[in-house]
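The residues making up each chain are set out below.
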Amino acid sequence: MTLCLIFDAIEKKQIALTDEVTVSEYAAGMGGSQVFLEAGEVQTVETLIKCISIASANDACVAMAEFICGSEEEFVAQMNQKAADLGMKDTHFVNCCGLSADGHVTSAYDIGLMARELSVRHPQIHDYCTIWMENIIHRTKRGDSEFGLANTNKLLKQYPYATGLKTGYTSAAKYCLAATAEKDGIKLIAVLMAAPDIKSRTADAQTLLNYGFSVCRVYQDKNPSPLPHIAVKKGEKDTVALTYESEMSYVSTSGEDLGQVTKKIRLPKSVTAPVKQGDPAGTVTYYLGKKKLGRINILYADSVKHAAFTDYFLNLLQKLFLLT
């Protein structure tokens, strides 16, 4: 969730990857997994993202929380608001780094929701969470020193379809993992909690992902039917072009034969001006047998104003000249 809010802030242009963050004494004093940032040390936002996503650095989490919101407390309030917005009903954050605390709780399902938000809305996270090893430079009053970041997500080396996402461990929570993977156009998330060790966590994640890939099928209408022009009555133009609102995509989890999908287009024979670009004109509905898979809106691709008298007059002149 800390990474979610960081990338939200980047998306809103509140911060940038190149911004420099000064580490506070409070941030530098975080226990648990860390990269040993020192008070007064300056690092870029991008470097701290790497520290969080690769090495689960608690000190980097707090440094970013303070940079974005001024205090960890305010940042945690935003984390809980984001959790509520995502429908994470079993989650409450007390800190921004995951250290055990009274009332700091979540569930596997909620982690799945959170992982989906981060992965889908901010896919650039995969540029960072798939880094296996990388060095950062500590620049302090004592001079520069190198520090190695090592990824704890063993799936990256052991599972060919792995794309991330985040490991976790505390003595109370045990070994946890939100694992993402992609195969044949299908993207899956597997969540593991309270595994007894890293080996079990990795093996169980592979089992879940293999099961998901074995039962999931994806239908995408990559070659939608050409759309006609619709006749426009009382408009400054006689016809208007159409476009699809989006691409149809459907995921089956029951092994259905998606090669038998059919579609039905519904459009009016004509429309009366004015016509506004982007307004719905009709629909295309997709079926597998009698089962409805989904529906996509068909939109007007252009706007057509109501014809004025001069439009009718000019149109008449054009027809006369064509006749002569």
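Look up a bit, the structure's there.
Because the structure is a prediction, the values reported are computed rather than measured. (Residues numbered from 1 in each chain as written. Predicted model: local features only at pLDDT ≥ 70, side-chain atom pairs only at ≥ 80, totals over all residues. Heavy atoms only, no water.)

1. A closer look at helix α3 (residues 45-55)
Where burial is concerned, most of α3 is hidden: ten out of the eleven residues are buried. The complete set of buried residues in α3 reads Val45, Thr47, Leu48, Ile49, Lys50, Cys51, Ile52, Ser53, Ile54 and Ala55. Directly after α3, the chain includes serine 56, whose backbone phi takes a positive value near 55°. (Buried < 20%, exposed > 50% of the residue type's maximum accessible area, 1.4 Å probe, protein only. Helix = DSSP H or I, 4+ residues; strand = E, 2+ residues; numbered from the N terminus.)

2. With respect to the pattern of salt bridges
Counted by the stated rule, this structure contains ten salt bridges. Across the pair lysine 82 and glutamate 117 runs a salt bridge whose closest N-O atoms are separated by 3.0 Å. Taken together, the residues lysine 82 in helix α5 (residues 72-85) and glutamate 117 in helix α6 (residues 108-121) connect sequence positions 35 residues apart. Classification of lysine 82 as buried rests on a relative accessible area of 10%. Note on glutamate 117: relative accessible area 15%, which makes it buried. A salt bridge links aspartate 144 to arginine 139; the nearest nitrogen and oxygen atoms lie 3.5 Å apart. Put simply, Asp8, Glu11, Lys82, Glu117 and Arg121 are held in one network by salt bridges that share partners. (Salt bridge = Lys/Arg side-chain N within 4 Å of Asp/Glu carboxyl O.)

3. What to know about the sheet that holds strand β16 (residues 291-300)
Taken together, four strands build an open sheet; the order of strands is β11-β16-β15-β13 and the sheet is antiparallel. Of all strands in the sheet, those bounded by a partner on one side alone are β11 (242-244) and β13 (261-266). Averaged over all neighbouring strand pairs, the angle between strand axes comes to 25°, with direction disregarded. One ladder, built from three bridges, connects β11 with β16; its direction is antiparallel. What sits directly across from leucine 242, in β16, is tyrosine 300. (Pairing = 2+ DSSP bridges. Axes fitted to C-alpha atoms, helices over the stretch in contact; angles between N-to-C directions.)

4. Some details on the sheet that holds strand β7 (residues 186-195)
Taken together, three strands build an open sheet; the order of strands is β5-β6-β7 and the sheet is antiparallel. Every interior strand has two partners, whereas the edge strands, β5 (162-170) and β7, have only one. Put simply, the sheet's adjacent strands are angled 10° from each other on average, direction ignored. Here strand β6 (residues 174-183) pairs with β7 via eight bridges, running antiparallel. Looking across to β7, one finds that threonine 180 is bridged to isoleucine 189. Lying on the sheet, α6 is in contact with β5, β6 and β7; it crosses β7 at an angle near 140°. (Contact = heavy atoms within 4.5 Å.)

5. Regarding the packing of aromatic side chains
Per the stated rule, a full pass over the model turns up six aromatic pairs. Arranged with centres 6.0 Å apart and planes meeting at 65°, the rings of phenylalanine 36 and phenylalanine 147 form a pair that is edge-to-face. In this pair, phenylalanine 36 sits in the loop between α2 (25-28) and β2 (42-44) while phenylalanine 147 sits in strand β4 (residues 143-150), placing the two residues 111 residues apart along the sequence. When its relative accessible area of 52% is taken as the criterion, phenylalanine 36 is described as exposed. Residue phenylalanine 147 is classed as partly exposed on the basis of its relative accessible area, which comes to 21%. Here tyrosine 161 and phenylalanine 213 contribute two aromatic rings whose centre-to-centre distance is 5.9 Å and whose plane-to-plane angle is 65°, an arrangement assigned as edge-to-face. You can see tyrosine 161 sitting in the loop between α8 (155-158) and β5 and its partner phenylalanine 213 sitting in helix α9 (residues 198-215), a full 52 residues away along the chain. (Phe/Tyr/Trp six-rings, centres within 6.5 Å; stacked < 30°, edge-to-face > 60°.)

6. Observations regarding the state of the cysteines
By definition, a disulfide links the sulfur atoms of two cysteine residues through a covalent bond. Following the criterion strictly, the structure yields zero disulfides and no others. In this structure cysteine 4 is not part of a disulfide, and its nearest cysteine sulfur, from cysteine 129, lies 12 Å away. Using a relative accessible area of 1% as the deciding quantity, one classes cysteine 4 as buried. (Disulfide = S-S within 2.5 Å.)

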